[in-house]
Amino acid sequence: MKKIEVVAAIIKSEHKVLCVQRPKYSKRYISLKWEFPGGKLEAGESAEECLVRELEEELKITPHVGAFVGESVYDYGSKVVRLMAYQVEHLAGDFELIDHDALRWLGLDELESVQWAPADISLVAQFKAMTGTEAYYTANAQAYCAEILAFDVGELYQPFLAYLDEGAHILDLGCGSGRDSKAFMNKGYTVTPLDGTAAVATCAEQYLGRSVVVGTFQALDYHNAFDGVWAAASLLHCPGPQLSAVLARVARTLKSDGVAFLSFKWGDEDTVDDLGRHFSNFTSDSLAALVAPIADFDVIKIWSERKPLRDGEQRWVNALVRKVGR
């Protein structure tokens, strides 16, 4: 079956995202459907080069291609499309419609008001999950960090630290308030704290008295850099379709025999809470199934536990995985 790689642009302006409508085709599954702008990769072309070319040709704008967002794979029957989305900044040029019938800027709550091309539907869901979660943490960074600092999770450190040598280098992936980074630093470890929300990273910097890397899971780009990755209650905000690729990135960040700690809320399906935050939830079996295909990971242990959370109790599922020595 024919396989096609296509890139798409997530262009945002004033909390809205650009989408464009395809013209009328004989193929009903794409005729007059809406999509993120972009196009098919040509031979020898990078995703970034393709997006620049397509946006210049189809919309007459000058773009800057940023971080990778996520991907969708869809089987149309006659072909399988792998659609990869990137953050794109509009630098210059007025939008002109060359290959599309219409253009709209849609807010998060308006995305279901149009009929999307099938390959774009998963990307729309991923974008909504990421945007809603980021909006909450941006607006509530100070209160969130203050709340997290009050939680004592010290007993979780030992299973992870038992596999690390003295002075090992730890990536605190989704560091939040910086609570765990400081605990590791106080124990003599070298720590690189990273968070995907700039406002939260600023709070962590104030608490830690040092810089915090601002970056997303999807764009994680370290190679053989860390002895350990601590991802406690952070990857749970990553949309489910992106988690396998993100875990592969986590594996690449680790040195040979490095160890990662992962924790998720227990559940059989993904949820969105009353605050608009997306959660990818797992059971012991589904977490094992997620981790098993990651080529460089061996599972050390998967276990569940219950912990107090606000006015109730939360069940968690945790995993310790090791990067296979090469």
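The preceding data block contains the structure.
Residues numbered from 1 in each chain as written. Predicted model: local features only at pLDDT ≥ 70, side-chain atom pairs only at ≥ 80, totals over all residues. Heavy atoms only, no water.

K.L.:
So what exactly am I meant to see when it comes to the overall build of the protein here?
P.N.:
Along its length, the protein carries eight helices and 16 strands. In terms of overall size, the protein behaves like a compact globule, its C-alpha atoms giving a radius of gyration of 21 Å where 326 residues would be expected to give roughly 20 Å. Overall, the protein is about 60 × 40 × 35 Å in size when its C-alpha atoms are taken along their principal axes. Residues classed as buried in the protein amount to 49% of the 326 residues present. For the protein, the exposed surface amounts to about 15500 Å²; the carbon and sulfur share of it is 48%. Of note, the protein has its 33 positive side-chain charges centred 4 Å away from the centre of its 46 negative side-chain charges. (Helix = DSSP H or I, 4+ residues; strand = E, 2+ residues; numbered from the N terminus. Rg over C-alpha atoms; globule rule 2.2 N^0.38 Å. Buried < 20%, exposed > 50% of the residue type's maximum accessible area, 1.4 Å probe, protein only. Areas by Shrake-Rupley, 256 points an atom, 1.4 Å probe, with all protein chains shown as cover. Lys, Arg positive; Asp, Glu negative; His and termini not counted. Charge placed at Lys NZ, Arg CZ, Asp CG, Glu CD.)

K.L.:
Whenever I open this one, the side chain of Gln 218 confuses me. Can you help?
P.N.:
For Gln 218, the location among the structural elements is in the loop between strand 10 (213-214) and strand 11 (226-231). At 2.5 Å, the side chain of Gln 218 and the side chain of Gln 242 are in polar contact. (Polar contact = N/O pair within 3.5 Å; in protein donor to acceptor, adjacent residues only side chain to side chain.)

K.L.:
Help me understand the sheet that holds strand 12 (residues 254-265), please; the structure alone is not making it clear to me.
P.N.:
Strand pairs in the sheet, formed through backbone hydrogen bonds, run parallel or antiparallel to each other. Taking strand neighbours across the sheet as the criterion, the seven strands line up as 10-9-8-11-12-16-15 in an open arrangement whose pairing is mixed. For this open sheet the edge positions go to strand 10 and strand 15 (297-309), each flanked by a neighbour on one side alone. Judged from the five bridges that link them, strand 8 (residues 169-173) and strand 9 (residues 190-195) form a sheet pairing that is parallel. Bridging from a neighbouring strand, Ile 170 pairs with Val 191 of strand 9. Packing against the sheet, helix 5 (residues 179-186) makes contact with strand 8, strand 9 and strand 11, and its axis sits at approximately 175 degrees to strand 9. (Pairing = 2+ DSSP bridges. Contact = heavy atoms within 4.5 Å. Axes fitted to C-alpha atoms, helices over the stretch in contact; angles between N-to-C directions.)

K.L.:
I keep staring at helix 1 (residues 47-58) and nothing clicks. Help me out?
P.N.:
Since the α-helix turns once every 3.6 residues, residues separated by three or four places project in the same direction. For helix 1, spanning twelve residues, the distance from its first C-alpha to its last is 16 Å, which sits close to the expected 16 Å at 1.5 Å a residue. Along helix 1, the positions that sit buried rather than exposed are Ala 47, Cys 50, Leu 51, Arg 53, Glu 54, Leu 55 and Glu 58. Remark: Lys 60 follows helix 1 within two positions and exhibits a positive phi of approximately 60 degrees. (Expected span 1.5 Å × (residues − 1).)

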